[in-house]
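Below, each chain spelled out in residue letters.
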Amino acid sequence: MNVLERLTFFASLYDVHGNPERGMWLLYATVLLLSALVYRLGFARRLPLLKSVMIYTLLALGCTILTFFAVFLPVAEGLAVAALVLIIYKVRLKQAKQEEKP
């Protein structure tokens with residue numbers, strides 16, 4: 001079985017098989033940014049600065065593990081879809097609130 005056929009879209013886009021160090025860092029950055037975006041759009045509340053720093057630090061640590069899964073499993077792709085759905089939801093919610101105001 002060819003490993004190149006099993007790579008996900010982002011893993012093959014970042015050339016994880018050809019340049020693993022650079023590719024994994026780019027994949028990690030993608031997973032981290034998409035995770036932070038999904039967290040911010042879907043779950044974030046106003047918190048004190050120290051608590052926010054703690055949450056994003058733990059998010060960054062968790063994304064380390066997710067990056068290894070993202071090579072062969074569609075982790076980044078799923079995060080991209082979740083971010084897209086949440087963006088659409090937020091836009092529709094904002095439009096609905098504007099229509100309610102007289």
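Let me sum up the structure you'll find in this document. Please read these numbers as outputs of a predicted model, since none were measured by experiment.

Rules used in this analysis
- Residues numbered from 1 in each chain as written.
- Predicted model: local features only at pLDDT ≥ 70, side-chain atom pairs only at ≥ 80, totals over all residues.
- Heavy atoms only, no water.
- Axes fitted to C-alpha atoms, helices over the stretch in contact; angles between N-to-C directions.
- Helix = DSSP H or I, 4+ residues; strand = E, 2+ residues; numbered from the N terminus.
- Parallel < 35°, antiparallel > 145°, perpendicular 65-115°, else oblique.
- Left-handed = near helix turned anticlockwise from the far one by under 90°.
- Contact = heavy atoms within 4.5 Å.
- 1 Å grid on protein atoms, 1.4 Å probe; cavity = no way out; pocket = protein on both sides within 12 Å on 5 of 7 lines; lining within 4 Å.
- Points joined across faces, edges and corners; volume = space filled by probe spheres on them.
- Phe/Tyr/Trp six-rings, centres within 6.5 Å; stacked < 30°, edge-to-face > 60°.
- Buried < 20%, exposed > 50% of the residue type's maximum accessible area, 1.4 Å probe, protein only.
- Lys NZ or Arg CZ within 6 Å of the ring centre and 35° of its normal.
- Expected span 1.5 Å × (residues − 1).

## Points about the packing of helix α3 (residues 20-42) against helix α5 (residues 75-100)
For the pair α3 and α5, the least separation of the axes is 9 Å and the interaxial angle reads 30°. Judged on the interaxial angle alone, α5 and α3 are roughly parallel. As for how α3 packs across α5, the hand of that crossing is left-handed. Residues T30, V31, L34, S35, L37, V38, L41 and G42 of α3 form the contact with α5, whose participating residues are A76, L79, A80, A82, A83, L86, I87 and K90.

## Focus on the layout of surface pockets
Approximately 220 Å³ is the volume attributed to the largest pocket. Looking at the largest pocket, the residues that line it are Y39, R40, A44, R45, R46, L47, S52, I55 and Y56. Of all elements in the fold, only α3 and α4 (49-69) reach the threshold of two or more residues within the lining of the largest pocket. It is α4 that contributes the most residues to the lining of the largest pocket, 3 residues altogether.

## Re the packing of aromatic side chains
Inspection of the entire model under this criterion finds 4 aromatic pairs. Both rings, one in F9 and one in F10, keep their centres 5.3 Å apart while their planes meet at 70°; by these two values the pair is edge-to-face. Judged by relative accessible area, which is 15%, F10 ranks as buried. Here the guanidinium or amino end of R6 rests over the ring plane of F72, the centre of that ring lying 5.7 Å away.

## With respect to α4
Look at α4: 30 Å from first C-alpha to last across 21 residues, which is about the 30 Å you get at 1.5 Å a residue. Summarising the contacts, the buried residues of α4 are in contact with α3.

## Focus on α3
Spacing of three or four residues puts side chains on the same side of an α-helix, whose turn is 3.6 residues. With 23 residues, α3 should reach 33 Å at 1.5 Å per residue; the first-to-last C-alpha distance of 32 Å fits that figure. Among all positions of α3, only G23, M24, L27, Y28, T30, V31, L34, S35, V38, Y39 and L41 are buried. Of the surrounding secondary structure, the elements contacted by the buried residues of α3 are α2 (9-13), α4 and α5.

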